[in-house]
Structures are given as structure tokens and as C-alpha cells.
Amino acid sequence: MREALVTGGADGIGLAIARALASSGHRVTIADLEADKAVSRAAELGEAHRGIACDVTIESLVVAAASRAPFDILVNNAGIGDSHLPTLEQGLDAFRRVLDVHLAGTFLMTREVGRGMVGRRRGAIVNLSSIAGLTGLPKRNAYGAAKAGIVAMTRAMACEWAGAGVRVNAVAPAFVETALVKKLADAGRIDLTTLRRRTPIGRLIATQEVAAAVAFLCSDAASGITGAVLPVDGGWTAFGDFGDASKG
């Protein structure tokens, strides 16, 4: 049974990914800030799975998480939202925190899990980027910079480790139907109707759709794919015309 580690796997996209990997025969370790929830979610997957506490910005905790098993699969999903404030109102501490969690956290976990993968000459890593890392989203400076950095790091590591049998890819979702997106909509920071009209398929992305793309990139069916960034965005990044992309 292949061992898989999913960071930020207790909720949302991460939980959907954990479920997809478990259903395809992997033994899943959910690493999350919320230890109790990680343990509970892992138990829901079955007795073979486990949940652990991990803050991906703390090196010692990342090292400990990576040592729990010789992982065959790593999905770097842990992340936080940004401020959604105009640039002139953004604080440096908040900016740095977003980069620390998304970018440094992905680097640290990949470095530590990657040690074992390179040593065994096999493994698949999938990083969570975003359309924010591929396009320009106003007021999303820190998040966009972090996700663009993940794209560059994905490609660099993919080229470095390809000869060692380790594949590194990324997915770049558009707005996904999660509790965080609902919270932003309820707070008036995003407008769901506008987002649906901007997306050619006319709706937000489901967590299961992101998970399916991740599971594919982790699988042997993607054995010839490395250094790729797969948009799971309903056509968002493809659309270049004027006006709405759909009727929403």
C-alpha cells in the first residue's frame, strides 16, 4: 500500500484529496494545524489512516511529520487566506505570513519528504497553486506571489529530481466551493454571481474536481508528466474575450 501525506487535509480541498487518495488504495496521513480534527478525519477514512498535528512553517514539526513513513505521495495543500485589502492598506506582517505558510511551508515539506523519495528513487508530489499564481487578481498580492512561487518551485524541483524517479506537478484551481469562499462571500469580499459569470463553465469548482486532478497526477497514469501546472478552473485562464464568460 502506498503511503500518502496530505497537508491541510482536515477540511475543504485537502479533505477531498485525502478521501480520493484513500479510495484509490493509499494509506493517508492527514497533517493539519487542528490535531483533533486531523485524527477524526483520518478515522473516517478507515483504521489504516492517521491524522497528525503539523504547522508547516515550523521546521522541526515538518521534519517530524516527514519521518512518520516513507511517503510515496505528498500533496502540499496547507494554506491560509490573504487580507483582500487594497495594496496601500496591506500590512507587511500579514504579507509575510501568507508567503511563509504557502511558499516556505511547501518548500520545507517537499524538502523533507523528498529526501526519502530521492533516496528510494520514486515518488510523486503535487503542489496546490491557484489561478492567482497564473493571472492577476487585484488585492491578492501575497496570495498571488506565493502561488506563483509555488509554480516556479514546482518546475525547478521537477527538473532536478526527474532523473531520480520523483515527479513534481501542481494544480491551479479557480474559486472552489469551500467554507472559506462562502465566508468571504458572506463578508462581501467576493461576489459569487460575478465569479460564476467570469467562469466559462458558469459555476465554481467542486472540491472533488480538484481532488480528482490531484489523484490523477499522483497515479501511474501520469507517469510521463512532471513539471506541469494543471489548471482546474472551468476555463478561467483560457478566457480572453470581453464581457462575461458565461451566463452564470
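1. Overview of the overall build of the protein
Alright, step 1. Check the secondary structure of the protein and you find eight helices and seven strands.
Alright, step 2. A globule of 248 residues ought to have a C-alpha radius of gyration of about 18 Å, and the protein, at 17 Å, matches this closely.
Alright, step 3. Considering only C-alpha atoms, the protein reaches an extent of 50 × 35 × 35 Å along its principal axes.
Alright, step 4. Considering the protein as a whole, with its 248 residues, one finds that 49% of them fall into the buried category.
Alright, step 5. Restricting to contacts in the protein with at least 6 residues of sequence separation, those with at least 24 account for 70%.
Alright, step 6. Here the protein has roughly 11,400 Å² of accessible surface; of this, 55% comes from carbon and sulfur atoms.
Alright, step 7. For the protein, the separation between the mean place of its 27 positive charges and that of its 24 negative charges on side chains is 3 Å.

2. Thoughts on the environment of Tyr 143
Alright, step 1. With respect to the helices and strands, Tyr 143 occurs in helix H5 (residues 141-161).
Alright, step 2. Given the relative accessible area of 16%, Tyr 143 is considered buried.
Alright, step 3. With 13 residues separating them along the chain, Tyr 143 and Ser 130 place their C-alpha atoms 8.9 Å apart.
Alright, step 4. With near-sequence residues (within four places) excluded, Tyr 143 lies in contact with Ile 80, Asp 82, Val 98, His 102, Ser 130 and Ala 132.

3. Points about the pattern of salt bridges
Alright, step 1. Applying the stated criterion across every chain yields a total of 17 salt bridges.
Alright, step 2. Arg 111 is the salt-bridge partner of Glu 112, the closest N and O atoms lying 2.9 Å from each other.
Alright, step 3. Judged by its relative accessible area of 24%, Arg 111 is partly exposed.
Alright, step 4. For the salt bridge of Arg 115 with Glu 112, the shortest nitrogen-to-oxygen distance reads 3.2 Å. With Arg 115 and Glu 112 both in helix H4 (residues 92-120), this residue pair falls three residues apart, about one helical turn.
Alright, step 5. A network of salt bridges, in which partner residues are shared, links Asp 11, Arg 19, Glu 34, Lys 37, Arg 41 and Glu 44.

4. Overview of the packing of H4 against H5
Alright, step 1. Running from N to C, H4 and H5 cross one another at 15°; their axes reach a closest spacing of 8 Å. Between H4 and H5, the angle is such that the two are roughly parallel. The two elements H4 and H5 cross, and the hand of that crossing is right-handed. Touching Phe 95, Val 98, Leu 99, His 102, Leu 103, Thr 106, Phe 107, Thr 110, Gly 114 and Val 118 of H4 are Asn 141, Ala 142, Tyr 143, Ala 145, Ala 146, Lys 147, Gly 149, Ile 150, Met 153, Met 157 and Trp 161, all from H5.

5. Points about helix H8 (residues 207-218)
Given 3.6 residues to a turn, an α-helix orients residues that are three or four positions apart in the same direction.
Alright, step 1. Compared with the 16 Å implied by 1.5 Å per residue over 12 residues, the 17 Å span of H8 between its first and last C-alpha is a close match.
Alright, step 2. Residues of H8 that are buried include every one of Thr 207, Val 210, Ala 211, Ala 213, Val 214, Leu 217 and Cys 218, and no others. Viewed along the axis of H8, the buried residues span an arc of 160°, placing them on a single side of the element.
Alright, step 3. For H8, the secondary structure elements touched by its buried residues are helix H1 (12-23), strand E4 (73-76), strand E5 (123-128), strand E6 (166-173) and strand E7 (229-232).

6. Here we look at helix H3 (residues 59-66)
Alright, step 1. Listed as buried for H3 are Val 62, Ala 65 and Ala 66. The arc that holds every buried residue of H3, seen down its axis, measures 95°, which confines them to one face.
Alright, step 2. Buried residues along H3 sit in contact with strand E3 (50-53) and H4.

7. With respect to unusual backbone geometry
Alright, step 1. In the Ramachandran plot, His 84 falls in the positive-phi region, its phi being about 60° despite a non-glycine side chain.
Alright, step 2. For His 84, the position within the fold is in the loop between E4 and H4.
Alright, step 3. If you check the backbone angles, Arg 121 has positive phi at about 60° while not being a glycine.
Alright, step 4. Counting through the fold element by element, Arg 121 comes out in the loop between H4 and E5.
Alright, step 5. Given a relative accessible area of 53%, Arg 121 falls into the exposed group.

8. Considering the layout of surface pockets
Alright, step 1. By volume, the largest pocket amounts to about 1,000 Å³.
Alright, step 2. Along the wall of the largest pocket there are 42 residues; nearest its centre are Asn 77, Gly 79, Ile 80, Gly 81 and Leu 180.
Alright, step 3. Listed by contribution, the elements that provide at least two residues to the lining of the largest pocket are H1, strand E2 (27-32), H4, H5 and helix H6 (179-186).

Parameters at a glance
- Residues numbered from 1 in each chain as written.
- Predicted model: local features only at pLDDT ≥ 70, side-chain atom pairs only at ≥ 80, totals over all residues.
- Heavy atoms only, no water.
- Helix = DSSP H or I, 4+ residues; strand = E, 2+ residues; numbered from the N terminus.
- Rg over C-alpha atoms; globule rule 2.2 N^0.38 Å.
- Buried < 20%, exposed > 50% of the residue type's maximum accessible area, 1.4 Å probe, protein only.
- Contact = heavy atoms within 4.5 Å.
- Areas by Shrake-Rupley, 256 points an atom, 1.4 Å probe, with all protein chains shown as cover.
- Lys, Arg positive; Asp, Glu negative; His and termini not counted.
- Charge placed at Lys NZ, Arg CZ, Asp CG, Glu CD.
- Salt bridge = Lys/Arg side-chain N within 4 Å of Asp/Glu carboxyl O.
- Axes fitted to C-alpha atoms, helices over the stretch in contact; angles between N-to-C directions.
- Parallel < 35°, antiparallel > 145°, perpendicular 65-115°, else oblique.
- Left-handed = near helix turned anticlockwise from the far one by under 90°.
- Expected span 1.5 Å × (residues − 1).
- Arc of directions from axis to C-beta.
- 1 Å grid on protein atoms, 1.4 Å probe; cavity = no way out; pocket = protein on both sides within 12 Å on 5 of 7 lines; lining within 4 Å.
- Points joined across faces, edges and corners; volume = space filled by probe spheres on them.

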